[in-house]
Amino acid sequence: MVVSWEIIAQIKDVLAKNPQGLSITDIVREIHINRNTAGRYLDKLLISGQVEMRHFGMAKIYALAHRVPVSAVLSISSELIMQLSSSLRIVFVNEAFAHFLATPVQDLVGKNIEYTPVVTAFDDLFGRFLVQVKAGLDGTEWSGELAPANRETIFFCRIAPTALDNGQKGVSVILEDITGRKRVEQMLRESEERYRMLAESSSDLVYVIGRDDRVEYVNSPGATMFGKTPGEITGSARSLFFPADVAERQKRVLEHIFATGIPARNEGPIPVARGIRWFDHVLVPLMNPDGSVQSVLGVARDITERKQSEETLKNSEARYSRLLQHSFDAVVVHQDGIITLANQIAANLAGASTPSELIGKNIFDFVHPDSRDIARERIAAMYKWDSVTAVDAVEEKFLRLNGKAVDVEVVATGFLDAGKPAVQVVFRDITRRKELMEALRRSEEKYRILVEHSQSGVFIIQGRLIRYVNSAFARILGGIPEDFILHDFADYIAPEDRDWVLDRGLCRQRGGTVPDNYECRLLKCDGTTRVFVFLDTGLIQYEGGPASMGTIRDITEQKRAAAALRESGEKLRAVFDSTFQFAGMMTPEGILIDVNNTALEFGGAQRGDVVNRPFWETPWWRGNAARVQRLREAIGSAASGKFVRYEAELQGVGNTTLLVDFSIKPVFNPEGRVRLLIVEARDITKSKRTEEALRESEDRFRKIFEDGPLGMAIVGRDYRFAMVNRRFCEMLGYTAEELLTLTFADITHPDHVDQDIAEIKKLYAGEIPRYRTEKRYIRKNGSAIWGALTVSPLRDRDDGIVSTLALVEDISERKRTGK
């Protein structure tokens, strides 16, 4: 339609004089135009933001908008903003966009965009840009990056359909300069790559755990420890790779770090691909810009060898009582042989106070002459064919600042640092490890055997005389090794086992054949406390004569646990047999394994009559082929891993039957295959009868409600009608659907609303059991009728009032006649 600016001005003028707002009826009356015309112009003013509309009851109230014009807001934006009309003429451009085009704003406004400097500014991208602008005029939004070839600027462009200030259709173009962000992103990628290579070249397990307790990153050495690749671990839940107790312990530590932001460090055993290994863990929070913890970086070092060496040296020589604790890798980065980066561990290893003392020095100043040739070869290998790569770990000799040589294990990786080749060297001091290995080689035969049995008590007995015990043996029997040496072994055997244990030992030493291992009871040093042990022994030559050498393992707790398990099984059987539900177990093929007494008593059967038989051939299913067929189908479905549940009728003694809630639940083994099926049946006969009685009661109520002579309605706590009957609709002239959208206040005469609400509040508060009143109702046609109202509460099963029932009798005739 052709816009009449005079009508627009008249509408805005009359709204300005009435700031409280006017309805469309008031506006039509003031400026003498028809209602349809007024509606169309108000819609345009709404779209352009010049007029605001609010609801007052059923009416729409219009008022002048008090918002800042869009063009005024866009003018101060730092983004490049332009608005075009449907004819592609520029209707608005801000100073930032004009500056980018090097053209004054007044030279751009009003011109077709195809004849402005925008064409040359976007060069080869203008055609694509213009297509998206025209699509925006057709209602399609677009966003994407634009990088004009003739400029070093990258824009993020948004094109969106827009209603212009005059209400006409247009399009807005917004350009955001993202050049700086793109450069930062590139620098960030290079930085992440550099430190990722640092993690990959470390021999430690390096990983990152997110707030969702999933693995966000793991390095290759770490993944290899679990027999997997990084891709198989990344993204998985952390708990999948550890036993439940270990995973739960780790979870508590991680939750504390996420909550407090405080790093943590601990040692502990973890099962990996090579078995149980000891690790030294360091956990550090990675922070968000707002100070919250984004994720947790973990570094775990395998200290199994150190732990084993500590245990061995503890039982051999005092000088080997301690191993190197809590050591971290040293790291340096060099370019063209000059050190550009070093950590504190590298400084410590080199004998410097701070890393800065190493920066700028030649890397070969710290390489022992014996290792310089291999170091040069490895650096050359990394740069072969004009590329950079990693080389395997080797052992070399490094020099400290004081000239002292130190043995190290070295891993080197080539990478690009700021576009130039560089080498990252990760090394650790293995001097102490070599010393320990040499000490182990010098150890005597008895200490080598002790290493193999370090987790158990070790003893040597000659005749009945104890010649040697280790610390573990002494600990099991509550003493120290010196308490047992040269004592009679009989003193530490429980009286009930003493004779046969001594006989076996002496027989073995004489060359007889006796069992090598058995269980027996020993006495602690207090002479009374018994310890169950598993004894494994053999015959050796010791100081020129035969002797028994072996190990003991404390199985006292194991014995107690076995007894507790037996007791628990007996309790479980008692519960199984005494439950009111029918319960049983069967194989995936449907063969009944066990059944409780409740089911046996109902079916009049003995356990031997039904166990090891197909379930469908038992007495509970007899006499109904369809029932048997459905059972067999349910067993097949459960055997495939599905939970099955349905209602079934079971046959009891004589002609008795029960309606039950019947279910079959599969139980899986660790490999994920169905191991057995659990059968349960719960008697629901009474509940079914109750449900039927409830349905009959509800049917009777509905019939009375629908066909009753009085108007009836159920009203919710929000005063809205939830249900109305036919008579109530006839009294008020509304349909049921119309009444369900109203509250009782909407149809109540204003003179009675306050009293009605006061009474209903008393009812809900429990102050009155019900209330009766006579009041006027407003019919749909606006007329009034008198009604005698009785309101009663409707309660839920907890006796709480959830709604009310209103009974209304039309007493208009009585009121009119005064009878």
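Let me begin by describing the structure that accompanies this report.

Rules used in this analysis
- Residues numbered from 1 in each chain as written.
- Predicted model: local features only at pLDDT ≥ 70, side-chain atom pairs only at ≥ 80, totals over all residues.
- Heavy atoms only, no water.
- Phe/Tyr/Trp six-rings, centres within 6.5 Å; stacked < 30°, edge-to-face > 60°.
- Buried < 20%, exposed > 50% of the residue type's maximum accessible area, 1.4 Å probe, protein only.
- Helix = DSSP H or I, 4+ residues; strand = E, 2+ residues; numbered from the N terminus.
- Lys NZ or Arg CZ within 6 Å of the ring centre and 35° of its normal.
- Salt bridge = Lys/Arg side-chain N within 4 Å of Asp/Glu carboxyl O.
- Pairing = 2+ DSSP bridges.
- Axes fitted to C-alpha atoms, helices over the stretch in contact; angles between N-to-C directions.
- Contact = heavy atoms within 4.5 Å.
- Patch = residues over 30% accessible without salt bridge, like charges linked within 9 Å, V, L, I, M, F, W, Y side chains within 5 Å.
- Areas by Shrake-Rupley, 256 points an atom, 1.4 Å probe, with all protein chains shown as cover.
- Core = buried A, V, L, I, M, F, W, Y, C linked by side-chain atoms within 4.5 Å.
- Expected span 1.5 Å × (residues − 1).
- Arc of directions from axis to C-beta.

Brief notes about the packing of aromatic side chains
At step 1: All told, the structure shown has 19 aromatic pairs when counted by the stated rule.
At step 2: Plain terms: the ring middles of Phe 122 and Phe 129 are 4.8 Å apart, the flat faces sit at 5 degrees to each other, and that makes the pair stacked. Residue Phe 122 shares its accessibility class with Phe 129, and that shared class is buried.
At step 3: Ring plane angle 75 degrees and centroid distance 5.3 Å describe the contact between Trp 621 and Phe 662, whose orientation is recorded as edge-to-face. Taken as a pair, Trp 621 in the loop between helix H21 (607–610) and helix H22 (625–639) and Phe 662 in strand E27 (residues 657–668) lie far apart in primary sequence, 41 residues in all. Accessibility assignment for this pair places Trp 621 and Phe 662 in one class, buried.
At step 4: Taken together, the aromatic side chains of Phe 459, Phe 473, Phe 484, Phe 489 and Tyr 492 make up a single cluster linked through ring pairs.
At step 5: A cation over a ring is seen here: Arg 376 above Phe 364, with NZ or CZ 4.8 Å from the ring centre.
At step 6: Seen from the ring of Tyr 518, Arg 504 lies directly overhead, with NZ or CZ sitting 4.6 Å from the centre.

Focus on the pattern of salt bridges
Side chains carrying opposite charge are able to pair once their charged atoms draw close together.
At step 1: Per the stated rule, a full pass over the model turns up 37 salt bridges.
At step 2: The closest approach of N and O atoms between Asp 280 and Arg 265, which form a salt bridge, is 2.9 Å. Here Asp 280 is found in strand E12 (residues 275–287), whereas its partner Arg 265 is found in strand E11 (residues 264–272), with 15 residues between them in sequence.
At step 3: By relative accessible area, Arg 265 is classed as partly exposed at 39%.

Some details on the sheet that holds strand E13 (residues 293–302)
At step 1: Reading across from one edge, E10-E9-E13-E12-E11 is the order of the five strands in this open sheet, with antiparallel pairing throughout. Every other strand in the sheet has two partners, leaving strand E10 (215–218) and E11 as the edge strands with one partner each. If you compare each strand with its neighbour and ignore which way they point, the axes differ by 25 degrees on average.
At step 2: Of the strand pairs in this sheet, E12 and E13 are connected by nine bridges, and their pairing is antiparallel. Paired with Pro 285 across the two strands is Val 296, which belongs to E13.

Points about the environment of Lys 169
At step 1: Inspection of the secondary structure assignment puts Lys 169 in strand E8 (residues 169–177).
At step 2: Relative accessible area serves as the criterion here: at 51%, Lys 169 is assigned to the exposed category.
At step 3: For the pair formed by Lys 169 and Ser 85, sequence separation is 84 residues and the distance between their alpha carbons is 6.7 Å.
At step 4: The contact partners of Lys 169, leaving out residues within four places of it in the chain, are Ser 85, Ser 86, Leu 137, Thr 162 and Leu 164.

A closer look at a nonpolar patch on the surface
At step 1: A cluster of nonpolar side chains, Leu 465, Ile 485 and Leu 486, forms an exposed patch at the surface whose accessible area comes to about 240 Å².
At step 2: Inspection of the secondary structure assignment puts Ile 485 in the loop between helix H17 (471–476) and helix H18 (495–509).

Side note on the side chain of Arg 378
At step 1: Within the secondary structure, Arg 378 sits in helix H14 (residues 369–382).
At step 2: Residue classification places Arg 378 among the buried residues on the basis of a relative accessible area of 11%.
At step 3: Ignoring any residue separated from it by four or fewer positions in sequence, one finds Arg 378 in contact with Val 391, Asp 392, Val 394, Glu 396, Val 410, Val 411 and Ala 412.

A look at the pairing of strand E15 (residues 338–342)
At step 1: Relative to E15, strand E14 (residues 330–335) is paired through four bridges, and the arrangement is antiparallel. Residue pairing in the sheet places His 334 in a bridge with Ile 339 of E15.
At step 2: Between E14 and E15, which follow one another and run antiparallel, lie two residues, and Asp 336 among them has a positive phi close to 55 degrees.

Description of the sheet that holds strand E31 (residues 771–778)
Strand pairing in a sheet takes place through backbone hydrogen bonds and is either antiparallel or parallel in direction.
At step 1: The strand order across the open sheet formed by five strands is E30-E29-E33-E32-E31, and the pairing between neighbours is antiparallel. Among the strands making up the open sheet, the edge pair consists of strand E30 (721–724) and E31. Each strand axis lies, on average, 30 degrees off the axis of its neighbour in the sheet, ignoring direction.
At step 2: Summarising the sheet, strand E32 (residues 784–795) and strand E33 (residues 801–810) pair through nine bridges and their orientation is antiparallel. Bridging from a neighbouring strand, Thr 790 pairs with Leu 807 of E33.
At step 3: Sitting on the sheet, helix H26 (residues 750–765) touches strand E29 (711–716), E31, E32 and E33, and the angle it makes with E31 is about 145 degrees.

Points about the nonpolar core
Most often, soluble globular proteins keep nonpolar side chains buried together rather than apart.
At step 1: Residues Phe 615, Trp 620, Trp 621, Leu 631, Phe 662 and Ile 664 are the most contacted members of the largest nonpolar core, which totals 31 residues.
At step 2: Of all the secondary structure elements, the ones that give two or more residues to this core are strand E24 (582–586), strand E25 (592–595), helix H20 (597–603), H22, strand E26 (644–651), E27 and strand E28 (674–683).
At step 3: Broken down by element, the residue count for this core peaks at five residues, all from H22.
At step 4: Apart from the residues within four sequence positions on either side, Phe 662 is in contact with Phe 615, Trp 621, Leu 631, Val 644, Arg 645, Tyr 646, Ala 648, Val 679, Glu 680 and Ala 681.
At step 5: Grouped together as the second largest cluster of nonpolar side chains are 30 residues, Leu 101, Leu 108, Phe 126 and Val 173 included.

Observations regarding helix H7 (residues 126–137)
At step 1: Across its twelve residues, H7 extends 17 Å between first and last C-alpha, which sits within 8% of the 16 Å expected from 1.5 Å per residue.
At step 2: Among all positions of H7, only Phe 126, Phe 129, Leu 130, Val 133, Gly 136 and Leu 137 are buried. Buried residues of H7 fall within an arc of 115 degrees about the axis and therefore sit on the same side.
At step 3: Buried residues belonging to H7 abut strand E4 (80–85), helix H6 (118–122), strand E6 (142–146), strand E7 (155–163) and E8.

Keep in mind that these numbers describe shape and distance, not what the molecule does.
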